[in-house]
Amino acid sequence: MSLLDFLRIVSRNWYWLLLSALALAVLTWSSLKKQAPQYSSHSIINTGLVSNYTIESNEGASIDYAFTNNELQNIINVATSYQTMEELGLRLLAKVLDKRSGKGMLLPENRQDLEEKLGAKVLAKLRSKDPELLQLSLTHLRDRSRHGRVYQLLYSDHPLFGIEQLQTIMVERYGNSDMLKISYRTSDPGICQLTLKLLAEIIMETQLSLKKGQSGDVLAFFDEATRKSAAELRAAEDELLGFKVRNKVINYYEQTRFISGKKEDFDEMYYKEMMNLASADSTIQKLEGQLRQRVNLPRLNQTIMDQRKTLTELSTKISTMEIMPDSLEDFSTNDLRKLKRQAEKVRENIRNTVDETWMNTHMPEGLPVRDVLNQWLNSVLKQEESTARMQVIRQRQAEFVHIYDQYAPWGSTIRRMERQIDVNERAYLENLHSFNQARLHQINMMMSSNLKVIDEPVFPKKPEPSKKMMFVVMAFLAGLFIPLGLFIAMFLLDQSLNSVVRAEEKTGLQLASALPFVDKFKIGPKARVDFQAINDKAMQQLIHTLKMSNQGQQSPIVAFLSNRSGEGKSWLITRLAAYLEQKGQKVHLIKASDWVTKREQIQQGLQEQPAWVLVEFPALLEQSEHLPYLNEMHSSVYIAYARKVWSKADERALNRIKDCADKPAHLFLNALDLDHMEDVIGEVPKRRNMPRRWLKRMVTLQYS
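Every value quoted in this text rests on a predicted model; they were computed, and no experiment measured them.

## Things to note about the side chain of Glu-71
- Along the chain, Glu-71 falls in helix α3 (residues 65-80).
- Those residues in contact with Glu-71, other than ones at most four positions away along the chain, are Leu-49, Gln-207 and Lys-211.

Below is the structure:
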């Protein structure tokens, strides 16, 4: 589309454009005429997602911008959620109805409107309530019925308390910071300020609740797990303690080490006593062999038998006290010393008995008998003592075997209990660490979600400047450009033949001439357009084209065809015949049916007197039986109504004409747009004022 086409669209439809623009401007003015003045305010909330210091903050740590943006968007979504708007509307209404805080908050006209909306009955129920009970009563009235006055007020487009109005609150990020800016416009200055305050409180309460809820479940889980693992650890420790108390085990590993050492000591003592006993037995046998000839040993043994028995008992007691003092309940060192004195006394008695019984004689080896007897007596005493000590040691070894039988299974049991305690302790410590981490994370989240209002909403003293004129201008422009856009779209999407270029492209025929569309209101003596001159030029072009197509023919036979009736075929033939007759040409007007029946007579008459023969064929989409005779015509003219839409049926009908005709038909457009007639005849003869002439020259770049 060229600039000239655009100006033509504007020129043809300027009155519709102006009418729609004025109508929309007047409608906008009338709708905004009763609009109340608007008051605006804002508040700024610091989220602290980046700037706040938290427990988990690290110096020099990088900032997670994706997390920050996500958290800011979450807070914005919380602030603009439907549930938040419901709570805000309820608190706002409760605050206004509260006598102590709501007095003087509303403009008089707005309070009167509120009282009319709620009604006297509802106001009477809410008049004597304190703030908390007032909000609970409003919640009850709202939820009780959807047809109630409170519900209808809150869930409506009321300019102060309606949820649709509250949803116009703007919550956005303040620049690139971690702050949020909340802006609001309404028709009451007090409500504007109060709404922003209450919304900030709701945002902070909801954000705090969400953060607690996010970490509360995790904290509760680890708290329960810590308590459970602590109880299991305590139960395992109590089980081990009970086992040790029942079996009198203080330190199993130290006790077993001590018992093992003691057993080895007793084994060594036993082997030593065995050696002493063997030595004593060998000495006794040797000495008895020497004394057998000089001393009556059986008699001597019989004499000291009781004393030896007493000495054996005393040696056994002394060995028991020395070897196993812990097995005696009333053991004391005084008793041990007393027993040793008694044993020594018995030994002296035995020695005295031996000394008194035998004389001082000599052995064959020259040794006195008394010395040999003393050696024998010492060996016997040594034998008795070793025997007694071995008896005590064997008793102690038997006790060790019994202790080993007890401690062997205790070891595996204690180790199993200790392993269970170790497992429970590690589980407890791990759960305790996780619990502490969860608490730390919760505290950190609470610190990071500590929202603060750093810019309180101010009370707007003056309403905003009125934008009525701007809206009226915008409405005027919209009313101007929207229809203009529709007209341009209609021009671009036009599928009719109302253009020379488009008609030739769709039909595939060469344009011979065209006649303009004539508006009956634009003809007459005062008409700006000279339609007669246009018609004369169009007829001249058509005749010239036909003459060039029928050169050498004294009597040109021209067929006139169209797809549908009413496209101007008969009218064109009549005008063409009249124009030829004015020029002194002989013309015959014949129907296609007459040509079929009388063509021989017509051809004879043409030989006698040459003339133009104009044959009118019927509409092809209605009757096409005469189409085969088209090849008998010297030329043909295809007439198309320029304002109709070209269809597939038109295309197929035209193809049949092309198949039957020997020569291509000439295209003639009827009712072509006057602006497009310049593409046919050149400059359209009409009166133009000076500005229009200069404008056209500038658009068409004709400066000379």
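## As for the pattern of salt bridges
- All told, the structure shown has 13 salt bridges when counted by the stated rule.
- Glu-632 is the salt-bridge partner of Arg-599, the closest N and O atoms lying 3.6 Å from each other. Separated by 33 residues along the polypeptide, Arg-599 in helix α20 (residues 592-608) and Glu-632 in the loop between β8 (612-616) and β9 (635-641) bring together distant segments of the chain.
- The class of Glu-632 is partly exposed, set by a relative accessible area of 29%.
- Overlapping salt bridges bring together Arg-564, Glu-567, Lys-644 and Asp-650 as one network.

## Re the sheet that holds strand β6 (residues 557-561)
- Pairing in this open sheet of six strands is parallel, and the strands run β5-β10-β9-β6-β8-β7 from one edge to the other. Lying at the two open borders of the sheet, with one neighbouring strand each, are β5 (510-516) and β7 (587-591). Adjacent strand axes in the sheet meet at a mean angle of 25 degrees, parallel and antiparallel pairs treated alike.
- By the bridge criterion, five bridges tie β9 to strand β10 (residues 666-672) in an arrangement that is parallel. Across the sheet, Tyr-638 pairs through a bridge with Leu-667, a residue of β10.
- Together, β5 and β10 form the strand contacts of helix α17 (residues 500-507), whose direction differs from that of β10 by roughly 135 degrees.

## Quick look at unusual backbone geometry
- With a phi close to 65 degrees, Ala-671 is a non-glycine residue in the positive phi region.
- When you line up the elements, Ala-671 lands in strand β10.

## Digging into a nonpolar patch on the surface
- A surface patch of nonpolar side chains, about 660 Å² in accessible area, is lined by Trp-14, Tyr-15, Trp-16, Leu-18, Leu-19 and Leu-22.
- For Trp-14, the position within the fold is in helix α2 (residues 14-32).
- The exposure class assigned to Trp-14 is exposed, which follows from its relative accessible area of 52%.

## Remarks on the sheet that holds strand β4 (residues 452-455)
- Taken in spatial order, the four strands of this open sheet run β2-β3-β1-β4, and their pairing is antiparallel. Whereas interior strands pair on both sides, the edge strands pair on one side only; in this sheet they are β2 (170-173) and β4. For this sheet, the mean angle separating the axes of adjacent strands, direction not counted, is 30 degrees.
- Bridge analysis of β2 against strand β3 (residues 179-186) gives four bridges, and the strand direction is antiparallel. In the strand pairing of β3, Met-170 is matched with Ser-183.
- Here α3 sits on the sheet in contact with β2 and β3, set at roughly 175 degrees to β2.

## Focus: the packing of α3 against helix α4 (residues 82-97)
- Direction vectors running N to C along α3 and α4 enclose 50 degrees, while the axes themselves pass 5 Å from each other. It follows from the interaxial angle that α3 and α4 lie oblique. Every residue of α4 that contacts α3 at Val-78, Ala-79 and Thr-80 is listed here: Tyr-82, Thr-84 and Met-85.
- Each residue belonging to the contact of α3 with α4 can be placed in one class, and the counts come to four nonpolar, two polar and no charged.

## With respect to a positive patch on the surface
- Residues Lys-121, Lys-125, Arg-144 and Arg-149 make up a contiguous surface patch of positive charge.
- Within the element layout of this structure, Arg-149 appears in helix α8 (residues 149-154).
- Assessed through its relative accessible area of 46%, Arg-149 is described here as partly exposed.

## Overview of the confidence of the model for the chain
- Summarising the model, the chain shows a mean pLDDT of 80, and 83% of its residues fall at 70 or more.
- In this model, residues 359-367 is a region of pLDDT below 50 whose contacts with residues beyond four sequence positions or in other chains number 17 contacts.

## Digging into the pairing of β3
- The alternating pattern of β3 places Leu-180, Ile-182, Tyr-184 and Thr-186 on a buried face, while none of Met-179, Lys-181, Ser-183 and Arg-185, on the opposite face, is buried.
- Two elements, strand β1 (residues 39-46) and β3, share eight bridges in a ladder whose sense is antiparallel. If you follow Ser-40 over to β3, its bridge partner there is Arg-185.
- Connecting β2 to the next strand, β3, in antiparallel fashion are five residues, including Gly-175 with a positive phi near 65 degrees.

## Structural notes on α2
- In a regular helix each residue adds 1.5 Å, so 19 residues correspond to 27 Å; α2 covers 27 Å between its end C-alpha atoms and thus fits that length.
- Taken as a whole, α2 has its buried residues at Leu-17, Ala-21, Ala-25, Thr-28 and Leu-32. Along α2, the residues classed as buried sweep out an arc of 65 degrees about the axis, all on the same side. Structural note: α2 exposes Leu-19, Val-26, Leu-27 and Ser-31 on the side pointing more than 90 degrees away from its buried face.
- Where α2 is buried, its residues meet α16 (468-492).

## Comments concerning empty space enclosed by the protein
- For the coordinates displayed, the defined rule picks out one cavity of 30 Å³ or more.
- Along its surface, the largest cavity is lined by Met-85, Glu-86, Gly-89, Leu-90, Arg-142, Leu-154, Tyr-155, Phe-161, Ile-163 and Leu-166.
- Those elements that place two or more of their residues in the lining of the largest cavity are α4 and α9 (163-166).
- The greatest single-element share of the lining of the largest cavity, amounting to four residues, is contributed by α4.
- Looking at the lining of the largest cavity, its residues break down into seven nonpolar, one polar and two charged.

Basis of the calculations
- Residues numbered from 1 in each chain as written.
- Predicted model: local features only at pLDDT ≥ 70, side-chain atom pairs only at ≥ 80, totals over all residues.
- Heavy atoms only, no water.
- Helix = DSSP H or I, 4+ residues; strand = E, 2+ residues; numbered from the N terminus.
- Contact = heavy atoms within 4.5 Å.
- Salt bridge = Lys/Arg side-chain N within 4 Å of Asp/Glu carboxyl O.
- Buried < 20%, exposed > 50% of the residue type's maximum accessible area, 1.4 Å probe, protein only.
- Pairing = 2+ DSSP bridges.
- Axes fitted to C-alpha atoms, helices over the stretch in contact; angles between N-to-C directions.
- Patch = residues over 30% accessible without salt bridge, like charges linked within 9 Å, V, L, I, M, F, W, Y side chains within 5 Å.
- Areas by Shrake-Rupley, 256 points an atom, 1.4 Å probe, with all protein chains shown as cover.
- Parallel < 35°, antiparallel > 145°, perpendicular 65-115°, else oblique.
- Nonpolar A, V, L, I, M, F, W, Y, C, P; charged D, E, K, R; others polar.
- Lys, Arg positive; Asp, Glu negative; His and termini not counted.
- Charge placed at Lys NZ, Arg CZ, Asp CG, Glu CD.
- pLDDT = per-residue confidence, 0-100.
- Expected span 1.5 Å × (residues − 1).
- Arc of directions from axis to C-beta.
- 1 Å grid on protein atoms, 1.4 Å probe; cavity = no way out; pocket = protein on both sides within 12 Å on 5 of 7 lines; lining within 4 Å.
- Points joined across faces, edges and corners; volume = space filled by probe spheres on them.

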